[in-house]
Amino acid sequence: MSTSKPVNLLDFDVDGLVAWFAGLGEKPFRARQVMRWMHREGCDDFDAMTDVAKSLRAKLKEIATIRPPVPVRDSISADGTRKWLLDVGNANAVETVFIPETNRGTLCVSSQAGCALDCAFCSTGKQGFNRNLSAAEIVGQLWLANKLLGAARADASESVQELEAGDKDNGRIISNVVMMGMGEPLANFDNVVTALRLMLDDHAYGLSRRRVTVSTSGIVPAMDRLREECPVALAVSLHASNDALRDRLVPINQKYPLRELMAACQRYLERAPRDFVTFEYVMLDGVNDSDAHARELLALVRDTPCKFNLIPFNPFPNSGFERSPAERIRRFAGILIDAGIVTTTRKTRGDDVDAACGQLAGQVQDRTRRTVRLTQITEERR
């Protein structure tokens, strides 16, 4: 009996699992068998993998495990949005959100326990930062959500249309994944890319590259790496129309200013599965929502094929910001639309369970002392 810590097989993409199985003297097809059982069947019991040799099953039970994050809270919004708080160890917990819609189900996945980028309007950033999530903890959110939602397994022969029409229990499956939960995905590049490869792999989840989106605040070198290694749909958290404002709202802009960011977006589109970048823009009353800001945006993105997703700010305690009025958002969108840019306003979902955009906080044992500094500042202002 092995006394070493069992290896979590959710940490491997197909190449990694093939290599690990080779170390056991097993052929590549055995790794693919186990991968299909894990991800397509949602199986975490080696004994249930009936087409895997009994001797290999016995070996795997001794040295391996299939272990996703553990749910500690399950909240369901009045609009059907579902949020899970997931234990990732050492008193840290992250949040994952499922957003059901008529023709699709979208899972919002976290990549870090906390976030080090400290965007001014984001609840996650105010919690500080503890660590990157492992590949198993990232793809494990999809594995677990599929299991808890009773999502139908899709056979390799099923078309995308059949996949989307599948139903079981709640009548929905996860057809889209967005890396828009807690953390900056491109600051955890290697583990996020391993998870992305599993989401795309036909032996695992078989999602289209167009249906998997990575959202970034603009880490330019990592955007270039993603373009080369695993191009999926790209969303950029823009939130400002000029460098002075973005330096304040999205501090990473001080390292990678807008000119560099726009150039990186244009490079990315050379290999992207979609022919546009989605710019996310949180609407903050009196901060970034004027007609002048909208016109600045038009000049900024003139050479970058894009669409805009305007996000009404979702408040959280001590944020210091207010949501732009509905009429102001409508007017702002109208300026962009009149210039020929596809612009949508995100419908706020799950705000009654703090599952809306910018509200995810989880539980983070901050290693940056940001929460201590924020407490001191708050007390000084009283």
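Our structure is the block above this text.
Only a predicted model underlies this, so the values are computations on that prediction, with no experimental measurement involved.

Thresholds applied
Each residue is numbered by its place in its chain's sequence as written, counting from 1. Totals for whole chains, interfaces and linings use every residue, but because this is a predicted model, local features are given only for residues with pLDDT of at least 70 and side-chain atom pairs only at 80 or more, for both listing and counting. Heavy atoms from the whole structure form the basis of all side-chain values; hydrogens and water molecules are not counted. Exposure categories follow from relative accessible area, calculated using a 1.4 Å probe and restricted to protein chains: below 20% of the type maximum is buried, above 50% is exposed, and the middle band is partly exposed. Runs of E in the DSSP output that reach at least two residues are strands. Runs of H or I that reach at least four are helices, and both are numbered from the N terminus. Whether two strands pair comes down to DSSP finding at least two bridges between them. Only heavy atoms enter the contact rule, under which two residues are in contact if any of them lie within 4.5 Å. What counts as a ring pair is set by centres within 6.5 Å for rings of Phe, Tyr and Trp (its six-membered ring), and what kind of pair is set by the plane angle: stacked under 30 degrees, edge-to-face over 60, tilted for all other angles. Geometry is summarised by axes, namely lines fitted to C-alpha atoms with helices restricted to the contacting stretch, and by angles between N-to-C directions that run from 0 to 180 degrees.

> Quick question: what am I supposed to make of the pairing of strand β6 (residues 105–108) here?
Side-chain direction in a regular strand flips from residue to residue, so the side chains alternate between the two faces of the sheet. Residues of β6 alternate between two faces, with G105 and L107 on one and T106 and C108 on the opposite face, all of them buried. Two strands pair when backbone bridges link them, and strand β5 (residues 92–100) and β6 are joined in this way by four bridges, in the antiparallel orientation. Along β6, the bridge assignment pairs I99 with T106. In this antiparallel pair of consecutive strands, β5 and β6, the connection spans four residues. Strand direction decides the pairing type here: β6 and strand β9 (residues 176–179), joined by three bridges, are parallel. Each residue of the ladder has a partner; that of T106, found in β9, is N176.

> Would you mind going over the side chain of S217 with me for this structure?
Mapped onto the elements of the fold, S217 is located in the loop between β10 (212–216) and α8 (220–229). You can call S217 buried: its relative accessible area is 8%. Setting aside residues up to four positions removed in sequence, S217 forms contacts with L117, C119, E184, S237, R246, V250 and I252.

> It is not clear to me how the packing of aromatic side chains should be interpreted in this structure. Could you clarify?
Centre distance and the angle of the planes are the two values used to describe a pair of aromatic rings. Under the criterion given, the structure shown has seven aromatic pairs. A centroid spacing of 6.1 Å and a plane angle of 70° characterise the contact between F313 and F321, whose relative ring orientation is edge-to-face.

> Looking at this model, I keep getting lost on the sheet that holds β5. Mind explaining?
Two strands in a sheet stick together by hydrogen bonds in their backbones, pointing the same way (parallel) or opposite ways (antiparallel). Within the open sheet, the 10 strands sit side by side as β3-β4-β5-β6-β9-β10-β11-β12-β13-β14. Their pairing is mixed. Two strands bound the open sheet, and with one partner strand each, they are β3 (70–76) and β14 (343–345). Each strand axis lies, on average, 20° off the axis of its neighbour in the sheet, ignoring direction. By the bridge criterion, seven bridges tie strand β4 (residues 82–89) to β5 in an arrangement that is antiparallel. Note that in β5 the partner of R82 across the bridge is F98.

> Can you walk me through unusual backbone geometry in this structure?
For residues that are not glycine, phi is negative in most cases, and the peptide bond is trans in most cases. For D118, which is not glycine, the phi torsion reads 60° and is therefore positive. Mapping D118 onto the fold places it in the loop between β7 (112–114) and α4 (123–126). In this structure, N318 takes a positive phi of about 60° despite not being glycine. Examined against the element boundaries, N318 turns out to sit in the loop between β13 (306–312) and α12 (326–338).

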